Amino acid sequence: MANGQWYPPEWPDRIRALADGSLTPVAPKRAATVMLLRDTDAGPAVHMLRRRTSMAFAGGAYAYPGGGVDPRDEHPVRWAGPTRAWWAQKLGVDEAEAQAIVCAAVRETYEEAGVLLAGPTDDSVVGDTTGEDWEADRAALVARDVSFAEFLDRRGLALRSDLLGAWTRWITPEFEPRRYDTWFFVAALPKGQRTWNASTEADRTVWIRPAEAAASYDKGELLMMPPTIATLRQLTPYDSAAEALAGAPDRDLTPVLAQARLEDGEIVLSWPGHDEFTKHIPTGGAPA
């Protein structure tokens, strides 16, 4: 392949089924993912994980920490930063959904990378989150034995929503059997904290400059799904994590949803605003 763009082999058949009406789209689930940044002498680097090659979906592809919203992410939490009403307007959802999405972003970052965007006061952040007691709490969150609200309450912590910047929103194509409505956020690695591979779905984690990751994708060396490489390219102009966060308020959160159409005997798959991902699929073949 010319680059590291990942496509499931079953997509052409599913696209045809959607076009002829034999496939009914499933409703997408809410999800959140975080592009965690830290500054280096050569500019900001982003934390990425590689999905295990044994994974049925996007095995071997690089992504960011993230996952689905837990219904309990709507439970009351001590909240710092912009109000839930502010986030609801920003994300285009109601206040309960806005809290759930922001909570999911913070919770998943802690579950998968060991980084916690929360603090004992509204203007502080916890330091080192390693150690047996922290790991026991993280494991309980992963197992869903406790909710994120219960975890924060027991620790006496406030969720720092001001440490997140809403970046973009992508919705899984209608022909996918598992669909997510995913909000992407940016955040800076808090001082005193460090990442580690806490995800059972990842076999490797890296800190890499967005431009370097994009170049490796272009060479076919790193495998990624369209939302991942698209957001990496969007991060390349920034010289620091703070600069990227400062750019978040101006970001357009109109959902990006793939479109498939029949044209001249082939299926054309495209993502509005992202021409590099357009694929022409012969009626009897695979993406070209």
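Asks: I would appreciate a short explanation of the pattern of salt bridges in the present structure.
Replies: Counted according to the given criterion, the structure contains 18 salt bridges. Its salt-bridge partner being R138, residue E135 comes within 2.9 Å of it at the nearest N-O pair. Of the two residues, E135 and R138 are both situated in helix α4 (residues 132-142); the distance of three residues between them amounts to about one turn of the helix. Judged by its relative accessible area of 28%, E135 falls in the partly exposed class. With a relative accessible area of 8%, R138 lands in the buried category. Across the salt bridge formed by R233 and D218, the nearest N and O atoms sit 2.7 Å from each other. Of the two residues, R233 is situated in helix α7 (residues 226-235) and D218 in helix α6 (residues 210-218); the sequence distance between them amounts to 15 residues.

Asks: Honestly, the nonpolar core in this entry has me stumped. Any pointers?
Replies: Grouped burial of nonpolar side chains is what soluble globular proteins tend to show. Counting residues in each nonpolar core, the largest one holds 41 residues, and the members touching the most others are W87, L91, L116, F148, L164 and F185. The leading source of residues in this core is helix α3 (residues 95-113), at nine residues. Discounting chain neighbours no more than four positions away, the residues touching F148 are D73, C103, V106, R107, L116, L141 and L159. One finds I15, V46, A213 and A230 within the second-largest nonpolar core, a separate group that totals 37 residues.

Asks: Could you clarify how one ought to interpret helix α2 (residues 84-91) in this entry?
Replies: For an α-helix, the turn length of 3.6 residues means that residues three or four places apart are oriented alike. Along α2, the residues that are buried comprise W87, A88, K90 and L91. Buried residues along α2 cover an arc of 165 degrees about the axis, so they all sit on one side. If you follow the buried residues of α2, they end up packed against β5 (79-80), α3, β8 (165-171) and β9 (180-188). Of the residues flanking the end of α2, it is G92, one or two places downstream, whose phi is positive at about 75 degrees.

Asks: Before we go on, may I ask you to explain the packing of aromatic side chains in this structure?
Replies: Any aromatic ring pair is given by two values, namely how distant the centres are and how the planes are angled relative to each other. Scanning the model with the defined rule gives ten aromatic pairs in all. Between Y64 and F184, the aromatic rings sit 6.4 Å apart at their centres with planes inclined by 90 degrees, giving edge-to-face as the arrangement. Of the two residues, Y64 sits in the loop between β3 (61-63) and β4 (66-68) while F184 sits in strand β9, which places them 120 residues apart along the sequence. Y64 gets classed as buried once you look at its relative accessible area, which sits at 5%. Note on F184: relative accessible area 7%, which makes it buried. Plain terms: the ring middles of Y110 and F151 are 5.4 Å apart, the flat faces sit at 20 degrees to each other, and that makes the pair stacked. Of this pair, Y110 sits in helix α3 while F151 is found in helix α5 (residues 148-155), placing the two residues 41 residues apart along the sequence. No difference in accessibility class separates Y110 from F151, as the two residues are buried. An aromatic cluster of three or more residues is present, and its members are Y110, W134, F148 and F151.

Asks: Explain the pairing of β9 to me, please; I cannot follow it from the model alone.
Replies: Here is the key point about a regular strand: its side chains alternate between the two faces of the sheet. Extensive coverage of β9 is indicated by the burial of seven of its nine residues. Pairing geometry for strand β1 (residues 29-40) and β9, over nine bridges, is parallel. From the neighbouring strand, R30 faces β9, where its bridge partner is D181. In this sheet, β9 lies alongside β8 in antiparallel orientation, the contact comprising six bridges. What sits directly across from R169, in β9, is W183.

Asks: Explain the environment of K90 here, please?
Replies: When you line up the elements, K90 lands in helix α2. Counting along the chain gives 163 residues from K90 to L253, while the straight-line C-alpha distance between them is 8.0 Å. In contact with K90, other than residues within four places in its own chain, are A166, A248, P249, R251 and L253.

Asks: Just checking my understanding: could you explain unusual backbone geometry for this structure?
Replies: Excluding glycine, residues mostly carry a negative phi; peptide bonds, for their part, are mostly trans. A positive phi angle, near 65 degrees, is found at R144, a position not held by glycine. Among the residues examined, R144 registers a relative accessible area of 31% and is labelled partly exposed.

Asks: Whenever I open this one, the pairing of β8 confuses me. Can you help?
Replies: The element β8 is extensively covered by neighbouring structure, given that seven of its seven residues are classed as buried. Looking at chain direction, β8 and strand β12 (residues 256-257) are connected through two bridges and run parallel. Of the residues in β12, the one forming a bridge with W170 is V256.

Cut-off values and rules
- Residues numbered from 1 in each chain as written.
- Predicted model: local features only at pLDDT ≥ 70, side-chain atom pairs only at ≥ 80, totals over all residues.
- Heavy atoms only, no water.
- Salt bridge = Lys/Arg side-chain N within 4 Å of Asp/Glu carboxyl O.
- Helix = DSSP H or I, 4+ residues; strand = E, 2+ residues; numbered from the N terminus.
- Buried < 20%, exposed > 50% of the residue type's maximum accessible area, 1.4 Å probe, protein only.
- Core = buried A, V, L, I, M, F, W, Y, C linked by side-chain atoms within 4.5 Å.
- Contact = heavy atoms within 4.5 Å.
- Arc of directions from axis to C-beta.
- Phe/Tyr/Trp six-rings, centres within 6.5 Å; stacked < 30°, edge-to-face > 60°.
- Pairing = 2+ DSSP bridges.

Just geometry here; none of it tells us what the structure is for.
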